[in-house]
Amino acid sequence: MNIDIENNDKLLPRHIAVVMDGNGRWANKRHLPRAAGHKAGVNATRKIVENCAKNKIQALTIFAFSSENWNRPETEVSNLMALFITTISGEVKKLHKKNVRVEFIGDRSRFSEKLQNSINESEALTVNNTGLHLNIAANYGGRWDVVNACKLLMTEIQNNNRTIEEIDEGVFDSFVSLNDVPAPDLFIRTGGEQRISNFLIWQLAYTELYFIDTLWPDFSDEHFAAALSWFAGRQRRFGKTGKQVVEEK
Ligand code: FPP
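Residues numbered from 1 in each chain as written. Predicted model: local features only at pLDDT ≥ 70, side-chain atom pairs only at ≥ 80, totals over all residues. Heavy atoms only, no water.

1. Focus: the sheet that holds strand β6 (residues 208-211)
Step number 1: The strand order across the open sheet formed by six strands is β3-β4-β2-β1-β5-β6, and the pairing between neighbours is parallel. At either margin of the open sheet sits one strand with a lone partner, and together these are β3 (101-105) and β6. Geometrically, the sheet is characterised by an average inter-axis angle of 20° between neighbouring strands, direction not taken into account.
Step number 2: Across four bridges, strand β1 (residues 15-19) lies against strand β5 (residues 186-189) in parallel orientation. By the bridge assignment for β5, Val18 is matched with Ile188.
Step number 3: Contacting β1, β2 (59-66) and β4 (133-140), helix α2 (residues 34-54) runs over the sheet at an angle of about 160° to β2.
Step number 4: Contacting β1, β5 and β6, helix α7 (residues 221-232) crosses the sheet at an angle of about 145° to β6. (Pairing = 2+ DSSP bridges. Helix = DSSP H or I, 4+ residues; strand = E, 2+ residues; numbered from the N terminus. Axes fitted to C-alpha atoms, helices over the stretch in contact; angles between N-to-C directions. Contact = heavy atoms within 4.5 Å.)

Structural data, given as structure tokens:
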């Protein structure tokens, strides 16, 4: 599906961040195990990746597994880990053919060796691709990201590569995840909850937030198009007045 507003670069987000919520409820409604909801969620994920690639969106970042998701029942966690392995191995070659660059953000050290290998291989295969930049947040937390950036910066200072005086928002930004793509312009959360849930807390400072009740496995081409047209109608002020923004156009 190509979106009507495709040619108007200003109206299209460069970077979309998504919290794919509602897989469990989707399954419950159908008297299916939660794992079936996650599996159905993969289909919706494939669709949004294709739509972003087709519409020349620069980056898409999806929240696949939060640092807090380890607290779910053990069987759900192990089902999700197995799903990640099969999804990555089943999809990455197709993504590579579509010139998609795959990258993972988050602390991967807690994952099994098998999953870590799969992550590393998918990144290595697609590293030179110039199309959609697909970031998969796995064992990711926004607070972890900020603390991690602090640790990296402090190490730089300790090694005399930087001084405290040099640190500003731009420098700090270069140490958080996703520093090689613009900050998300549009955040989409499905499943009816209206919160950030420790996703990209630094990166979402000026992002337009779009919440819908639709459960993630039901997120369709039409829902994607509706989110893009909602975004196209937003006036992004970045602290300025509406009048200033209009006059600058
Ligand atoms: C939240 O729904 C969803 C997740 C925690 C998992 C999302 C993962 C996928 C869709 C698989 C994507 C795979 C790759 C490799 C990118 P929930 O379980 O919290 O739903 P609920 O709120 O209805 O219980």
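Alright, that's what it looks like, and here's the rest.
2. Quick notes on the pattern of salt bridges
Step number 1: One pass over the structure, following the stated rule, counts 16 salt bridges.
Step number 2: Notably, a salt bridge pairs Asp21 with Arg25, separated by 3.4 Å at the nearest N-O pair.
Step number 3: For Arg25, a relative accessible area of 35% translates into the label partly exposed.
Step number 4: Linking Glu166 and Arg162 is a salt bridge whose minimum nitrogen-to-oxygen distance equals 3.9 Å.
Step number 5: By sharing partners, the salt bridges in this structure join Arg14, Asp185, Glu208, Arg234 and Arg236 into a single network. (Salt bridge = Lys/Arg side-chain N within 4 Å of Asp/Glu carboxyl O. Buried < 20%, exposed > 50% of the residue type's maximum accessible area, 1.4 Å probe, protein only.)

3. Notes on the pairing of β5
Step number 1: Judged by which residues are buried, β5 turns out to be covered on both faces: Leu186 and Ile188 on one side and Phe187 and Arg189 on the other are all buried.
Step number 2: Bridge count between β5 and β6: four bridges; the pairing is parallel. Bridge pairing in β6 links Leu186 to Glu208.

4. Let's talk about the site of the ligand
Step number 1: Lining the immediate environment of the ligand, one finds 17 residues, of which Asp21, Gly24, Arg25, Arg34 and Arg72 sit closest.
Step number 2: At 3.0 Å from an oxygen atom of the ligand is found a side-chain nitrogen or oxygen belonging to Asp21.
Step number 3: In the model, an oxygen atom of the ligand is placed 3.0 Å from a nitrogen or oxygen of the Arg34 side chain.
Step number 4: Alone, the ligand offers 630 Å² of accessible surface; in the complex the protein occludes 91% of this. (Near = heavy atom within 4 Å. Polar contact = N/O pair within 3.5 Å; in protein donor to acceptor, adjacent residues only side chain to side chain. Areas by Shrake-Rupley, 256 points an atom, 1.4 Å probe, with all protein chains shown as cover.)

5. Some words on the side chain of Thr45
Step number 1: On the secondary structure map, Thr45 appears in helix α2.
Step number 2: Those residues within four positions of Thr45 in sequence are excluded, and the remaining contacts are Met20, Ile62 and Trp216.

6. With respect to the nonpolar core
Step number 1: Judged by nonpolar contacts, the single largest core of 40 residues is most densely connected at Ile16, Val18 and Leu60.
Step number 2: Examining the composition of this core, we find that seven residues originate from one element, helix α3 (residues 74-97), more than from any other.
Step number 3: For Leu60, the residues in contact, after removing those within four places along its chain, are His15, Ile16, Val18, Ile48, Val49, Cys52, Leu132, His133, Leu134 and Asn135.
Step number 4: Listed in part, the 13 residues of the second largest apolar core include Val19, Phe63, Tyr140 and Leu200. (Core = buried A, V, L, I, M, F, W, Y, C linked by side-chain atoms within 4.5 Å.)

7. Some words on α3
Step number 1: Look at α3: 35 Å from first C-alpha to last across 24 residues, which is about the 34 Å you get at 1.5 Å a residue.
Step number 2: The largest bend in α3 is about 40°, located at Glu91.
Step number 3: The complete set of buried residues in α3 reads Glu76, Val77, Leu80, Met81, Leu83, Phe84, Ile85, Ile88, Glu91, Val92 and Leu95.
Step number 4: One or two positions beyond α3, positive phi appears at Asn99, with a value near 65°. (Expected span 1.5 Å × (residues − 1). Bend = angle between axes of the 7 residues up to and from the residue.)

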